[in-house]
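Observations on the three-dimensional arrangement
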Amino acid sequence: MTTDTLVRDPVSTVPLSQIDVSDPKLFQNDTIGSYFARLRREDPVHYCPESAYGPYWSITKFNDIMQVEVNHQTFSSEAKIGGIAIQDMQTGESALELEMFIAMDPPKHDAQRKAVSPAVAPSNLVLLEPIIRERAGLILDSLPIGEEIDWVDTVSVELTTMTLATLFDFPWEERRRLTRWSDVATATPETGVVSSWEQRREELLECAYYFKDLWDKRINEPAKSDLISMMAHAPATRDMPFLEFLGNLMLLIVGGNDTTRNSISGGVLALNQNPAEYRKLMADPGLIPKMIPEIIRWQTPLTHMRRTALMDAEIGGKKIKKGDKVVMWYLSGNRDDEVIDRPNEFIIDRPNSRHHLSFGFGVHRCMGNRVAELQLRIIWEEVLKRFSKVEIVGAPERTLSNFIRGFTHLPVKLHAH
Amino acid sequence: MPTVIFIEPDGTEFPIAVKSGTTARDAAVNNGVPGIDGDCGGECACATCHVHVDAAWIDRTGMAEPGGMEDNLLQFAEGSTENSRLACQIAMTDDLDGLTLRIPDGQH
């Protein structure tokens, strides 16, 4: 870096009022961290008066985020007033008005969540573990040693898609349709994944009809432990309106796909950037269960969740007005040194590593958090058995999104033991 | 120093003596009791310190306040019963000396 660019360093000199952390490019080029560091230091509850998403508050400190999380009476997730992301949920003709329990407040949220949560409860996961392990082994055994491959597509996407297909008991050969629908669900036309809102709508409808067929079959069969069968048979969900059915499906698909996919990739990057930690792991694979929450904190696969104030409130001394958009930046809270010791270091045996914001807290806390941890644990256990190193051999490419923090490409070379 | 006794699903007992005022969650986490993660740090925000209060003790600990955050979170916890509490919401006192808390099967 030349002196000239240092002098003009935009992060430390731009007036606070002009900082807009919602720009997706800042996440894609991974410069967002220095903006959040400045906000945590100088203006932890920050108002941005103008952005592509309208005015919004940024909550950047761990404990302030926690305060918003647990106060769902004041800070609503309701889709009709904006929903759960900085980008308001789409309304109008070209959009599908999806209803999903992540974007509902209690009590409706509670009934629907209760109906599907048994599918991802630990007692059901015990049954899934051997299947996921076997499938993970098959993926890894098929990879070439010593050749450049894309870890994102060959491992991260493949494993999470397989797990999701297992959870849904989805037709096996068509499982990559789940990946596509997940990508489409979180896409906006500017990302290039879809070219228009209309295209997004059409593809999601196709997804809905596909699942409707599965639903119609399973509702006439005895209840099983897959998610579709559970929703088709549970009193709280079996009479769900079509768009609500589609909404909750998309929630399960995106929730089970994009997030874990990127934590699987993020772990490889973190270990490559911290070779001493990689060596520590190879010397003691028993550290894997402790490392998994650290990977999830480090990656923070969802950068934020958004709420809308239902009444005036105060956070960190700032007056939030009724109707204001409030964005809880998990990515920032997970780097807050007031709560997390040496937050900018990746430490695989960090004490208290489960104390992170990536799953959220309160009634909307990630329902699938144990599935995520299970997949990550299995993949690392199976990777360590097979490879002495997963070496990054090219520049990672990151997702253009202010919501999903992920990778589109991660070139690696595998080394045998 | 009141003692809180955690019982694992397999019957293993963990008796832990703590200072009055310490929560049962802190007693478990600080002593590595399996199945009590306490991810949120004891803020009543995650339900990873779910316990079943032994029937003989529920009158003294009380139940989760209906409609409150603890009650909300317990609704989604696996194996929740009317004796379910979050250990972070139980502060130990001399009156609770000997309190028995069972860890639900499958928690973590």
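My aim in this report is to walk through the structure given alongside it, one point at a time. (Residues numbered from 1 in each chain as written. Chains lettered and ligands numbered in written order. Predicted model: local features only at pLDDT ≥ 70, side-chain atom pairs only at ≥ 80, totals over all residues.)

This part takes up the sheet that holds strand 1 (residues 3-7) of chain B. Residue and element names in this part refer to chain B. Spatially, the five strands line up as an open sheet ordered 2-1-5-3-4, and their pairing is mixed. Each edge of the open sheet is held by one strand with a lone partner, namely strand 2 (13-17) and strand 4 (84-86). Each adjacent strand pair in this sheet contributes to an overall mean axis angle of 35°, direction not counted. Bridge analysis of strand 3 (residues 50-53) against strand 5 (residues 99-102) gives two bridges, and the strand direction is antiparallel. From the neighbouring strand, valine 53 faces strand 5, where its bridge partner is leucine 101. (Pairing = 2+ DSSP bridges. Helix = DSSP H or I, 4+ residues; strand = E, 2+ residues; numbered from the N terminus. Axes fitted to C-alpha atoms, helices over the stretch in contact; angles between N-to-C directions.)

Residues and elements named next belong to chain A. Buried residues of helix 4 (residues 32-42): Ile32, Tyr35, Phe36, Leu39 and Arg40, and no others. Projection of helix 4 onto a plane perpendicular to its axis shows the buried side chains occupying an angular sector of 135°, all on one side. Exposed side chains of helix 4 directed beyond 90 degrees from the buried face belong to Arg41 and Glu42. Residues of helix 4 that are buried in the fold lie against helix 2 (10-13), helix 3 (24-28), strand 1 (45-48), strand 2 (56-59), strand 8 (325-329) and helix 16 (330-333). (Buried ≥ 20, exposed ≤ 12 C-beta atoms within 10 Å, placed from the backbone. Arc of directions from axis to C-beta. Contact = placed C-beta atoms within 7 Å.)

Turning our attention to helix 8 (residues 151-168) of chain A. All names here are of chain A. With 18 residues, helix 8 extends 24 Å between its outermost C-alpha atoms, agreeing within 8% with the 26 Å of an ideal straight helix rising 1.5 Å per residue. At glutamate 158, helix 8 shows its maximal bend, which comes to roughly 30°. Of the residues flanking the end of helix 8, it is aspartate 169, one or two places downstream, whose phi is positive at about 50°. (Expected span 1.5 Å × (residues − 1). Bend = angle between axes of the 7 residues up to and from the residue.)

Residues and elements named next belong to chain A. The strand order across the open sheet built from three strands is 4-12-9, with neighbouring strands paired in antiparallel fashion. Each of the sheet's edge strands pairs with one partner strand only, and the pair in question is strand 4 (148-150) and strand 9 (387-392). When the angles between neighbouring strand axes are averaged without regard to direction, this sheet yields 40°. For strand 9 and strand 12 (residues 411-416), the ladder comprises five bridges, and the chain directions are antiparallel. Following the sheet pairing, glutamate 391 is matched in strand 12 by lysine 413. In this fold helix 13 (residues 258-273) packs onto strand 9 and strand 12, with an angle of close to 90° to the strand it touches most, strand 9.

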